[in-house]
Amino acid sequence: MYLWFGVLKLFPGGSPAQDLVERTVSALTFGIIHGDLARLSAAITEIGIAVVLLSFRAPRLCAVLLIGHVVLVSTPLVLFPGEMWAGPLQASFEAQYILKNLVTVAAAVVIASSHPRVR
């Protein structure tokens, strides 16, 4: 999933989340990173997480990366509340997608953190 979505973001217009990603990254960096650079930084980050996930080498590092990523990806829920919420507990399609990611990453972190240490 991370690899697929990351690769989609490499191409302008390739991701339906492109506008939201660009605006979120711009808001989080106070406008320093915006537009194509914001999209590409998100793409490279997601592809990097996918590589770590697929390597099966560093489950705890993977858990840390996933937590950091999901925190950043969840910020539109707070940054753009008018777009994310139609009312109390009435999430927009984008907000539902973000909330689904929170649950998925929480499960992945539990699995990764319970992985026995290799010595």
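Structure: see above.
Owing to the predicted nature of the structure, the values given are computational and were not obtained by experimental measurement. (Residues numbered from 1 in each chain as written. Predicted model: local features only at pLDDT ≥ 70, side-chain atom pairs only at ≥ 80, totals over all residues. Heavy atoms only, no water.)

Draft legend 1. Spotlight on the packing of helix α2 (residues 18–28) against helix α3 (residues 35–55). The geometry of α2 relative to α3 is characterised by a closest axis approach of 8 Å and an angle of 100° between their N-to-C directions. It follows from the interaxial angle that α2 and α3 lie roughly perpendicular. Every residue of α3 that contacts α2 at Q18, V21, E22 and V25 is listed here: G35, D36, A38, R39, S41 and A42. Of the residues that constitute the contact of α2 with α3, the class distribution is 4 nonpolar, 3 polar and 3 charged. (Axes fitted to C-alpha atoms, helices over the stretch in contact; angles between N-to-C directions. Helix = DSSP H or I, 4+ residues; strand = E, 2+ residues; numbered from the N terminus. Parallel < 35°, antiparallel > 145°, perpendicular 65-115°, else oblique. Contact = heavy atoms within 4.5 Å. Nonpolar A, V, L, I, M, F, W, Y, C, P; charged D, E, K, R; others polar.)

Draft legend 2. Quick peek at a nonpolar patch on the surface. On the surface, L3, V7, L10, F11, L40, I44, L53 and L54 cluster together to form a nonpolar patch covering roughly 670 Å² of accessible area. Looking at the nonpolar patch, the elements that each hand over two or more residues are α1 (2–9) and α3. Here the nonpolar patch takes 4 residues from α3, the largest share from any one element. With respect to the element layout, L10 can be found in the loop between α1 and α2. Among the residues examined, L10 registers a relative accessible area of 32% and is labelled partly exposed. (Patch = residues over 30% accessible without salt bridge, like charges linked within 9 Å, V, L, I, M, F, W, Y side chains within 5 Å. Areas by Shrake-Rupley, 256 points an atom, 1.4 Å probe, with all protein chains shown as cover. Salt bridge = Lys/Arg side-chain N within 4 Å of Asp/Glu carboxyl O. Buried < 20%, exposed > 50% of the residue type's maximum accessible area, 1.4 Å probe, protein only.)

Draft legend 3. Highlighting the packing of α1 against α3. The contact between α1 and α3 brings their axes to 8 Å, and the two run at 155°. Classed by the angle they form, the pair α1 and α3 counts as roughly antiparallel. As for how α1 packs across α3, the hand of that crossing is left-handed. From α1, Y2, L3, F5, G6, V7 and K9 reach across to α3, where they touch R39, L40, A42, A43, E46, I47, I49, A50, L53 and L54. (Left-handed = near helix turned anticlockwise from the far one by under 90°.)

Draft legend 4. Main features of the packing of aromatic side chains. A full pass over the atoms with the stated rule returns 2 aromatic pairs. An aromatic cluster is present here, built from W4, F5 and Y97 joined pairwise through their rings. Here the basic side chain of R23 rests over the ring of F80, its NZ or CZ set 4.6 Å away from the ring centre. (Phe/Tyr/Trp six-rings, centres within 6.5 Å; stacked < 30°, edge-to-face > 60°. Lys NZ or Arg CZ within 6 Å of the ring centre and 35° of its normal.)

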